[in-house]
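# Residue-level structure breakdown
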Amino acid sequence: MIDSAPVRLATFNVLHGRQAGADGRPSTAPGSATVGPLLDAVAALDADVVALQELDRFQDRSGSVDQARAIAEATGATDWRYVSALHARSRPGRIWEPDRSEPGMRVYGPPGTGHDGTAPSHGVALLTSLPVLAWRARRFTAPPVALPVAGRAGLTVIRDRPRAALAAVLQGRRGPFTAVALHLSYVPGWNVRQLLAVPGWIADLPRPHVLLGDFNLGGAIPTAALDAAGLLSRSRSATPRAAWRSAARVRTFPAHRPLVQLDHVLVAGLDLFRPAPMRAPGMPISDHRPLVVELPL
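Residues numbered from 1 in each chain as written. Predicted model: local features only at pLDDT ≥ 70, side-chain atom pairs only at ≥ 80, totals over all residues. Heavy atoms only, no water.

### What to know about the side chain of Q67
In this fold, Q67 is placed in helix α2 (residues 67-75). Separated by 3.1 Å, the side chain of Q67 and the backbone oxygen of H16 make a polar contact. Non-local contacts of Q67, meaning those with residues more than four positions away in its chain, are made with H16, G17, L38, L55, D56 and S62. (Helix = DSSP H or I, 4+ residues; strand = E, 2+ residues; numbered from the N terminus. Polar contact = N/O pair within 3.5 Å; in protein donor to acceptor, adjacent residues only side chain to side chain. Contact = heavy atoms within 4.5 Å.)

### Some words on the packing of aromatic side chains
Tallying each qualifying case throughout the model produces one aromatic pair. Centre to centre, the rings of Y82 and Y108 are 5.7 Å apart; their planes meet at 45 degrees, and the pair counts as tilted. Of this pair, Y82 sits in strand β3 (residues 79-91) while Y108 sits in strand β5 (residues 107-108), placing them 26 residues apart in sequence. One Lys or Arg, R138, reaches over the ring of W201 and ends 5.9 Å from the middle of that ring. (Phe/Tyr/Trp six-rings, centres within 6.5 Å; stacked < 30°, edge-to-face > 60°. Lys NZ or Arg CZ within 6 Å of the ring centre and 35° of its normal.)

### Regarding helix α3 (residues 190-201)
Taking 1.5 Å per residue, 12 residues should reach 16 Å; α3 reaches 17 Å between its end C-alpha atoms and fits that length. Of all the positions in α3, only W190, N191, Q194, L195, V198, P199 and W201 are classed as buried. (Expected span 1.5 Å × (residues − 1). Buried < 20%, exposed > 50% of the residue type's maximum accessible area, 1.4 Å probe, protein only.)

These figures come from the coordinates and say nothing about function on their own.
Right under this line is the structure:
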């Protein structure tokens, strides 16, 4: 008998667990990224599938904690993976010191399922209480250009870092589906290029396909870009890509006063006859709000 209960999915850019200050913005004070509030915030989402971005692993700034593992243990996730976008040590002032001894990407997980190295890294994770049938990971190279980024000290010209994607084939309540955790570049155009690479990367995995993450693209731009690429695909191929729909339209950034939706849950291969139940609650950590949706999967 098929379980009719929806699957609850969440995406959250946790900003390595940095806590909010009195004004609601993430604090820059040393020690503001302790693990306790991070664990509480993710647990409060109460989701079957959680995609997390901007996670630290063994970084000084966040207490040298393996954040993905700590969250999995605290939330009771039955399976999880963390993929490193880069192995580097974070330094004040948006500086990363690369670790030349490690390759560009490693996949970490429960004991015996992934790499066991201890080099500091930064990346994305996918945690779930559903049975996992397969995992897949990929890395996106950093854009070739540097851009000015706004901060408390004004504009600073920096080069964006590599990004990562993590896919899991999950056994849903109505059958298998594929969930993908993403964190795309903030460089305009480069993030669209990364997004458009994903459908082809997972084309052989079971549908429905669900993309979850911080795309650094506002509003309807992600679905418009994917659908435009789909139209081009239909004109060139006998096996066109499925249309993409947003499961939730809600502003998520900045967390203290949301003005734009940068965090998305996109779905292909699933008929949504009614708006999906969703929420974007305020949290005591990060500069993003999480996005939580329920889908018939």
